[in-house]
Amino acid sequence: MGDLGAKVAGKGFGLPEGVWGRVGGWLMARGNGPTEKHLVKLAGLRGKEHVLVLGPGPGVGLVAAAKYAGIVVGVDPSDTMLLAARSRCGELIEAGKVQLIRGDAADTHQPDHSASVVMSVNNVQLWEDRQAAYAEIRRVMKPTARLLISVHKKWSPPGLAAELESAGFTNVVATTWEPPGRRATTAAIYTANR
Ligand SMILES: C[S@@+](CC[C@H](N)C(=O)[O-])C[C@H]1O[C@@H](n2cnc3c(N)ncnc32)[C@H](O)[C@@H]1O
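These lines cover the structure that appears in this document, whether it is placed above or below. All of these numbers come straight from a predicted model, not from anything done at the bench.

Considering the overall build of the protein
Step number 1: Of the regular secondary structure elements, the protein holds seven helices and seven strands.
Step number 2: Moving toward the C terminus, one meets the helices and strands of the protein in the order α-α-β-α-β-α-α-β-β-α-β-α-β-β.
Step number 3: The C-alpha radius of gyration computed for the protein amounts to 15 Å, which stays within 12% of the reference 16 Å derived for 194 residues, consistent with globular compactness.
Step number 4: The C-alpha extent of the protein, read off along each of the three principal axes, is 45 × 40 × 30 Å.
Step number 5: By residue count, 44% of the 194 residues in the protein fall in the buried class.

Topic: the site of the ligand
Step number 1: Taken together, 21 residues form the shell around the ligand, and within it Met28, Asn32, Gly55, Gly57 and Ser78 come nearest.
Step number 2: If one sorts the elements of the shell around the ligand by residue count, helix α2 (residues 18-43) sits on top with three residues.
Step number 3: Taken together, the residues of the shell around the ligand sort by class into 12 nonpolar, six polar and three charged.

A few points about the sheet that holds strand β5 (residues 141-152)
Step number 1: Read across the open sheet, the seven strands follow the order β3-β2-β1-β4-β5-β7-β6; overall the sheet is mixed. Edge positions in the sheet fall to β3 (98-102) and β6 (170-177), since each of these pairs with one other strand and no more. The sheet shows a mean angle of 15° between the axes of neighbouring strands, taken without regard to direction.
Step number 2: As judged from the six bridges shared by strand β4 (residues 115-121) and β5, these two strands associate in the parallel manner. Counted as the bridge partner of valine 117 is arginine 146 from β5.
Step number 3: Sheet strands touched by helix α4 (residues 79-88): β2 (71-76) and β3. Its angle to β3, the strand with the most contacts, is close to 170°.
Step number 4: Strands in contact with helix α6 (residues 130-140) are β1 (50-54), β4 and β5; relative to β5, the strand with the most contacts, it is inclined by about 140°.

Digging into the pairing of β1
Step number 1: Across the five residues of β1, four count as buried, placing the element largely inside the fold.
Step number 2: Where β1 lies against β2, five bridges are found, and the strand directions are parallel. When the sheet's bridge partners are listed, histidine 50 is paired in β2 with isoleucine 71.
Step number 3: Where the polypeptide runs from β1 across helix α3 (residues 60-66) and back to β2, its parallel neighbour, the crossover connection is right-handed.
Step number 4: By the bridge criterion, four bridges tie β1 to β4 in an arrangement that is parallel. Bridge pairing links leucine 52 to valine 118 in β4.

Considerations on α6
Step number 1: Here α6 has its buried residues at Ala133, Tyr134, Glu136, Ile137 and Val140. The arc enclosing the buried residues of α6, seen along the axis, measures out at 165°, which places them on a common side.
Step number 2: Tucked into the core, α6 has its buried residues touching β1, β4, β5 and α7 (160-166).

Details of the nonpolar core
Step number 1: Residues Val51, Ala65 and Val118 are the most contacted members of the largest nonpolar core, which totals 49 residues.
Step number 2: Apart from the residues lying within four places of it in its own chain, the contact partners of valine 51 are Leu45, Ala65, Ala69, Val72, Ala115, Val117 and Met119.

Some remarks on the environment of aspartate 129
Step number 1: Note that aspartate 129 resides in the loop between β4 and α6.
Step number 2: Here the alpha-carbon distance between aspartate 129 and alanine 161, two residues 32 residues apart in the chain, equals 16 Å.

Brief notes about the packing of α2 against α4
Helix-helix packing is described using two parameters, namely the angle between the two axes and the distance between the axes.
Step number 1: At a minimum axis separation of 9 Å, α2 and α4 run at an interaxial angle of 45°. On the basis of the axis angle, α2 is oblique to α4. Here α2 and α4 pass one another in a crossing that is right-handed. For the pair α2 and α4, the contacting residues are Gly18, Gly21, Arg22 and Gly25 in the first and Thr80, Met81 and Ala84 in the second.
Step number 2: A breakdown of the residues in the contact of α2 with α4 according to their chemical character gives two nonpolar, four polar and one charged.

Each value, and the rule that gives it
Going along each chain's sequence as written, the residues are numbered from 1 onward. Per-residue local features of the predicted model are confined to residues with pLDDT of at least 70, and side-chain atom pairs are confined, for both listing and counting, to 80 or more; whole-chain, interface and lining totals are unaffected and use all residues. Helix and strand assignments come from DSSP, with helices taken as H or I runs of at least 4 residues and strands as E runs of at least 2, each series counted from the N terminus. Within these notes, the globule rule equals 2.2 Å times the number of residues to the 0.38 power, and the radius of gyration is based on C-alpha atoms. Exposure classification rests on a simple neighbour count of other C-beta atoms within 10 Å of a residue's own: a residue reaching 20 or more is buried, one at 12 or fewer is exposed, and one in between is partly exposed. C-beta atoms are placed from the backbone. To decide nearness, the C-beta atom of each residue is placed from the backbone, and the residue is near a molecule or strand if that atom lies within 6 Å of it. Gly is put with the polar residues, along with every residue not named as nonpolar or charged; the nonpolar set is Ala, Val, Leu, Ile, Met, Phe, Trp, Tyr, Cys and Pro, and the charged set is Asp, Glu, Lys and Arg. Strand pairing follows a simple DSSP-based rule, namely that at least 2 bridges must link the two strands. The convention used is that axes are lines fitted to C-alpha atoms, helices contributing only their stretch in contact, and that angles between N-to-C directions extend from 0 to 180 degrees. We call two residues in contact when the distance between their C-beta atoms, placed using the backbone, is within 7 Å. Throughout, right-handed denotes a crossover for which the path from the first strand over the helix to the second runs clockwise when the strands point away from the viewer. The directions considered for the arc are those from the helix axis to the C-beta atoms. By our criterion, buried Ala, Val, Leu, Ile, Met, Phe, Trp, Tyr and Cys residues that link up through C-beta atoms within 7 Å make up a nonpolar core. Oblique is the label for any angle not under 35 degrees, not over 145, and not in the 65 to 115 range, which are roughly parallel, roughly antiparallel and roughly perpendicular in turn. By convention, the crossing between two helices is left-handed when the near helix turns anticlockwise from the far helix through less than a right angle, and right-handed when the turn is clockwise.

Here it is as structure tokens:
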């Protein structure tokens, strides 16, 4: 990929910004929405669970999780994506079901042991310091909490399951899922407990 391609990919999808970010957000909502919803289904949310969504982008997963959770907190470093998610989740934010925070996987601004489920779709490959992110995720997870990570298989960091185990997560399971759609690519899904 040339310099221009890398810039467009970064501003469109990696850390979405400006016009490219808005276009990227629209594409992600369409292309990755089914995976966001699938992960919510896999999470098996029950009761009034507290769900933390890392890198929610345009917010499709926030809306899906809010149907079943007590509260859903989305943490994303991109102001463009926070705006897109705010526009998608407006009523849920007003109702106190969804909160949006500017932060990242290694700095979520969440209290210790607050989340019963932590989810991430298509951003683990962007975390600059995954060890710091794992430590942060374990800090905010309740002792019995579940972690679900999905990432396009072709971009999944090698050895992610082993990495999660080394970071202290238990019951780590790696599977794959085929999202619907002709252009969709296989999702690598990792589930674990704190
Ligand atoms: C490729 S988009 C995926 C968005 C959405 N989850 C989806 O699958 O459509 C990546 C998202 O992760 C966010 N992001 C980038 N670096 C991050 C980090 N270190 N921690 C959390 N989110 C991050 C970006 O701002 C963007 O919203």
